[in-house]
Structures are given as structure tokens and as C-alpha cells.
Amino acid sequence: MENNREQFGSRLGFILAAAGSAVGIGNLVGFPVNAAKNGGAAFLLIYALFVFLVCLPVMMAELAAGRQSRKNPLGAYRHFVPQQKLWHIGGWLSLITPYMIAVFYAVITVWILGYLSGIVTGNLDKLADSRHFGEFINSDSVFFYLAAITGLVGLILVSGVRDGIERGAKVMMPALFLMLLGLVVFVLFQDNALAGVRFYLIPDIGKITPEVVNSAMGQAFFSLSLGMGILITYGSYMDKANAIPSSARMVAITDTSVAFTAGLLILPAIFSFNPETNPDELSSSSISLIFTFLPKIFLAMQAAVGYFGASLVAGVFFLLVFFAALTSLVSIIEVPVSGTMDELGYSRRKSLYVLGTSMVLFALACALSFGRVDFLTSFISYGGSTKSFFELVIDIFYETILPLNGFIICLLVALRWQRDKFDRELEAGADDFRGTLFERYINFSLRTFVPVLLLLIFINTVMAKYFGISLLNLFA
Ligand code: PHE
């Protein structure tokens, strides 16, 4: 059995694929703005602590669960606890969550591609008009871009783990790093850029409230692609000879570095091309930032580098975001694909057809929920407001459920996975890991405070989002 499963071709291939999953819109836009608004370097420090002290253990647990079971998330839970069906809920959640996240992430990727092609065809000025976004998302061209993305992702995934996912990451990730560095250097040389750097990095402890700590944790968890079944699935394609601890660390370092570096691009750009910006008023929504605010900033560059130059910079930026989004999208769709392949015995191609068709239908429902179809636009009311279908999907699958999935995987490690078996899986390919403080820390954290923290975050989000009760205020 084991020999038939597809595998990543090399350790580097795995790291690039997992980093490709982790590096996404959250890093490039979400993190910089969150950090800038919430205490600068103080936020960065809290974020980094969460990444390495809380998220890294969960990441290693997911990878180990995948590699030991050689299965998709549902298969993994079944592997560890064959009899007690209650545990399989963890597996189902880790299949449904990525399925639905893929749906809304695909819609955002569609918009990015739309903006990219708008810039390439010389229309940066139109994109910078505040009315454009609303018109664009309700235009028929989104169907065209959705078809293009579906084709592109399908093409990558149908080629399999090594020739599709790994090869795609090996092309797109280095290109992404280069584009990011190039843009940072360009922006840092503009007038006033240092004001942005200062604003980004000067620590302001006063801004660190319980809410901010909570959002740093959520940001870190999402950014590392945890709780989405992705790392279980990618772990199942990992060679036993490749070390989990050091590979996971590399992925976490890459992800955090990209997030940090993106801040050196976004904030100086904002400050040098629009010095009047009041940063506290920057929208905390990545979506409105990417699609309404940043095009204006790019257009403002024409004073310094001309319209063509401004379009070039904007084009490179959108291509960068597009690559980041595409590699994330590929990773998340692979989860249900591996699920149907393992559990239903489908071929890769058949899984892709079946899942692809149903996901496109859901994505269409999202795309039509911005005013085109009333029923989908005012889909449901809770927590005091009416939400569209798109917002509902984001609220449940992105905002709420990830920490719960993380909590369940910790429970699996703590209650159902014998300690020496777990250790042996982590040690495979990493002899020097045995008996280290790091190993003890991983075990200790996954069995104690990490699950407690994840459960608290989950409960707090549910109370705040759906019942309008803020538990964090109790501590404030
Ligand atoms: N880490 C990704 C991001 O920052 C999260 C993600 C992964 C989202 C996979 C969707 C799919 O955007």
C-alpha cells in the first residue's frame, strides 16, 4: 500500500510546497496591516512567539499524523482510532473545512487574476477608482476568470504530487521571493518610505490588548495553513527519510519572513505615495485593502515613475499575490482530492472532476451573493447582522472552525497516540531530534496548554461572532 502512495521528490520540494501553501494573502496583506495597526514590533513579537511556541507543535503533529497513516485527514483519524466513530468527526471536519475554504479562496483568487489582467491591459487608472471593485465583482468577466482558475488549478493537480504540486511550487515560490525582494528594494528607495518603516516597526506596547493577542494567534494559525487538513495530507506524501522537525521549522521561518518582508513593502508604499494616510483608518479587511486601497497607491506612483512604471510595479505586485494565492489554493484543494482518492478509490482525475464541479457551483453561489441574487445576498442573519452566502462561508470555515480542528488534533496526540509511537514518527529521518529539549517541548505543549488555548479561542470566537458576547472584555 505504502509504496503506491505518491510522494514529494525531495525535502526541498516538500518545504517549497508547504511554504507555498502557507504563504498566501494572509502574509502579504493581512499580516502587515494587522501589525501596523496593532503595536508594530510588539505585535510582531507576539506573532512570532505564537508561531514558534504554539503553531509549530500543531504543525508537526499534523505532519506526523499524515506521514504515519499515509492517508488523507479522515483516513488518518480512522487509522489512529478505527473503532470509536466520534473521533472521525475530526477527520470529516478536516475535509469539509478545506473544501469550503477553497470555495471562498477561489473567489478571491479570481478577483486577483481579474485585477492582474486589468493592470496588464493598461487599466490601472480604472482599477484605482473606488467604484470599480463593486462593479467588477458583479460583472460577467468573473465567470471567465473562474473558468481560467479552475483550468489552471486542475492542470496542476491532475499532474499529481511531484509533477504538479511540487513542480508548481518550485517555479512559483522562488519567483515570488524574487518579486517580493525586488518590490521592497524599489519601495524603500522612495521618498518618505522610512516613515512607513517606522510606523510598521516601532513597538507600541499600549496597543496590545487581549483582542490583539487573540488576533495575532488567529493570524498565525491561519497563516501556517493549520487546521485545514493540508499538513496532514502533505505529511502523507512525505518521505520517512525527510525530517519533520527541521522541515516544519523551515516552513514556519519562511512563512514568518515573508509576512515580515511584505510589511516592508506595503507600509512604506502607503506612506511614500500617500503621506496623508492615517494608518489607524486602514481597513482591517485584506479584501478592501487589496482591491480598493492598493490600486490607488500604485496609481499615485505615476508621479514618480510614470504611468507605465506604476503599472509595472502594480503588475508585479498582483502577480506576486496571484502566485501566493494559487499555491495556497492548490494545497487546499488537494485535501478533499486525496480524501476521495483514498476513501472512495477514485482516480485523481475522477476526484478532480467530481470535486471541481461541485466547488465551482459553490464558488458561483459566492460570486452571485454580492447583490446579483437576493436570496444569496441576504442569506442569513446572526450576531445582529444579515450576511451573504460568501460571508457565511468565511465566518464559519475561516473565522471559527480552524482552532477547533487544531484542538482535535492535539486531543488525538494526547489521548490516542502513544507517546513513544508519536516520538518515533517525529524522529524518523531526524535522529538528532531524539531526547532533545525541543522534543520534550513538543510533547508537553501538545498535551497541555496548546489544546487549552485553541479551545478558548474557539469558544471566544463562537460567543463573539454568533452571540455578540465578548469574553475577552472580561480580562480587559
Ligand atoms: N496561509 C494561507 C494564507 O495566508 C492560508 C490558506 C492556505 C488559505 C490554503 C487558503 C488555502 O493565505
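Residues numbered from 1 in each chain as written. Predicted model: local features only at pLDDT ≥ 70, side-chain atom pairs only at ≥ 80, totals over all residues. Heavy atoms only, no water.

**Here's the deal with the packing of aromatic side chains**
Thinking step 1. Under the definition given, this model contains 36 aromatic pairs.
Thinking step 2. Here the aromatic rings of Phe136 and Tyr145 are separated by 6.3 Å at their centres, their planes lie at 50°, and the arrangement is tilted.
Thinking step 3. A relative accessible area of 7% means that Phe136 is categorised as buried.
Thinking step 4. Taking NZ or CZ as reference, Lys350 lies 4.2 Å from the ring centre of Tyr346, over its face. (Phe/Tyr/Trp six-rings, centres within 6.5 Å; stacked < 30°, edge-to-face > 60°. Buried < 20%, exposed > 50% of the residue type's maximum accessible area, 1.4 Å probe, protein only. Lys NZ or Arg CZ within 6 Å of the ring centre and 35° of its normal.)

**Concerning the pattern of salt bridges**
Thinking step 1. In total, this model carries 15 salt bridges according to the counting rule given.
Thinking step 2. Between Lys170 and Glu166 there is a salt bridge, with the nearest N and O atoms lying 3.4 Å from each other. Of the two residues, Lys170 and Glu166 are both situated in helix H9 (residues 160-188); the distance of four residues between them amounts to about one turn of the helix.
Thinking step 3. Glu166 gets classed as buried once you look at its relative accessible area, which sits at 3%.
Thinking step 4. In this structure, Asp423 and Arg419 form a salt bridge, with 3.3 Å as the shortest nitrogen-oxygen distance. Taken together, the residues span about one helical turn, with Asp423 and Arg419 both in helix H19 (residues 419-427) at a distance of four residues.
Thinking step 5. The class for Asp423 is buried, based on a relative accessible area of 11%.
Thinking step 6. Members of the salt-bridge network, linked through shared partners, are Glu6, Glu334 and Arg348. (Salt bridge = Lys/Arg side-chain N within 4 Å of Asp/Glu carboxyl O. Helix = DSSP H or I, 4+ residues; strand = E, 2+ residues; numbered from the N terminus.)

**Section: the packing of helix H2 (residues 25-37) against helix H14 (residues 286-300)**
Thinking step 1. Contact geometry of H2 with H14 gives a least axis separation of 9 Å together with a crossing angle of 95°. Put simply, H2 runs roughly perpendicular to H14. Packed against H2, whose contacting residues are Ile25, Val29, Gly30 and Val33, the element H14 presents Ser286, Leu289 and Ile290 at the interface.
Thinking step 2. Residues of the contact of H2 with H14, tallied by class, amount to five nonpolar, two polar and no charged. (Axes fitted to C-alpha atoms, helices over the stretch in contact; angles between N-to-C directions. Parallel < 35°, antiparallel > 145°, perpendicular 65-115°, else oblique. Contact = heavy atoms within 4.5 Å. Nonpolar A, V, L, I, M, F, W, Y, C, P; charged D, E, K, R; others polar.)

**A few points about the site of the ligand**
Thinking step 1. Surveying the vicinity of the ligand reveals 15 residues, the closest of which are Ala22, Ile25, Asn27, Tyr105 and Ser223.
Thinking step 2. The separation between a nitrogen atom of the ligand and a polar main-chain atom of Ser21 is 3.5 Å.
Thinking step 3. Here an oxygen atom of the ligand and a backbone polar atom of Gly26 are 3.2 Å apart.
Thinking step 4. Bound to the protein, the ligand loses 100% of the 320 Å² it would expose on its own. (Near = heavy atom within 4 Å. Polar contact = N/O pair within 3.5 Å; in protein donor to acceptor, adjacent residues only side chain to side chain. Areas by Shrake-Rupley, 256 points an atom, 1.4 Å probe, with all protein chains shown as cover.)

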